[in-house]
Amino acid sequence: MTMELLFNEQDLVDSVCVFIAAKEYTNPESVEADLIFNPSFGFSATANLRGRIRNLSEQDLIDAVTVYLRDHHNFNPDRLLVDLHFTENEGIMASIQVR
């Protein structure tokens, strides 16, 4: 049985904040994140932690979603398939297949 989860931009921002906070041993509220989509280069993000900027690749965004779901909702990361997509109306979204 497969289940699908949908993440909007705020869910993705929250995931990035949790991901960076875990790497930097701080709280997610200390992190500000911006999502980026460029048709030529794909998905990325920047995270600002007290003036220190971290650049995240598309794979980092996918990893951030899996860490968020693992740490906050007890999902097994090995069972998650994350697909990022962009639309003009919705912005950057993620569909997550749970196998």
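Before any of the text, the structure's been laid out above.
### Looking at the sheet that holds strand β2 (residues 31-38)
Across a sheet, paired strands are connected by hydrogen bonds in the backbone, their directions being either parallel or antiparallel. Within the open sheet, the three strands sit side by side as β2-β3-β4. Their pairing is antiparallel. Two strands close off the open sheet at either side, each with one partner strand: β2 and β4 (52-56). When the angles between neighbouring strand axes are averaged without regard to direction, this sheet yields 20°. Against the sheet, helix α1 (residues 9-24) engages β2, β3 (42-49) and β4, with an angle of about 125° to β2. Relative to β3, helix α2 (residues 58-73) is tilted by about 70°, and along the sheet it contacts β2, β3 and β4.

### Some points on the pairing of β4
In this structure, β3 lies alongside β4, joined through five bridges in antiparallel fashion. When the bridges of β4 are listed, Leu49 appears paired with Arg52. Linking β3 back to β4 in an antiparallel pair, the connection comprises two residues, with Arg50 at a positive phi of about 50°.

### As for the packing of aromatic side chains
Within this structure, the stated rule accounts for three aromatic pairs. Aromatic side chains Phe37 and Phe43 sit 4.8 Å apart centroid to centroid with 40° between the ring planes, which places their arrangement in the tilted category. Overall, Phe37 belongs to the partly exposed group, its relative accessible area being 31%. Aromatic pair Phe37 and Phe86: ring centres 4.7 Å apart, planes at 15°, arrangement stacked. Of this pair, Phe37 sits in strand β2 while Phe86 sits in strand β5 (residues 80-87), placing them 49 residues apart in sequence.

### Structural notes on the sheet that holds strand β6 (residues 91-98)
On the basis of which strands lie adjacent, the open sheet formed by three strands has the order β1-β6-β5 and antiparallel pairing. The open sheet terminates on both sides in strands that have one partner only, identified here as β1 (3-7) and β5. Across this sheet, the average inter-strand angle for adjacent strands is 20°, counted without regard to direction. Here eight bridges tie β5 to β6, and the two strands are oriented antiparallel to one another. Across the sheet, the residue bridging to Thr87 is Gly91, located in β6. Packed on one face of the sheet, α2 meets β1, β5 and β6 and runs near 125° to β5.

Parameters at a glance
Residues numbered from 1 in each chain as written. Predicted model: local features only at pLDDT ≥ 70, side-chain atom pairs only at ≥ 80, totals over all residues. Heavy atoms only, no water. Pairing = 2+ DSSP bridges. Helix = DSSP H or I, 4+ residues; strand = E, 2+ residues; numbered from the N terminus. Axes fitted to C-alpha atoms, helices over the stretch in contact; angles between N-to-C directions. Contact = heavy atoms within 4.5 Å. Phe/Tyr/Trp six-rings, centres within 6.5 Å; stacked < 30°, edge-to-face > 60°. Buried < 20%, exposed > 50% of the residue type's maximum accessible area, 1.4 Å probe, protein only.

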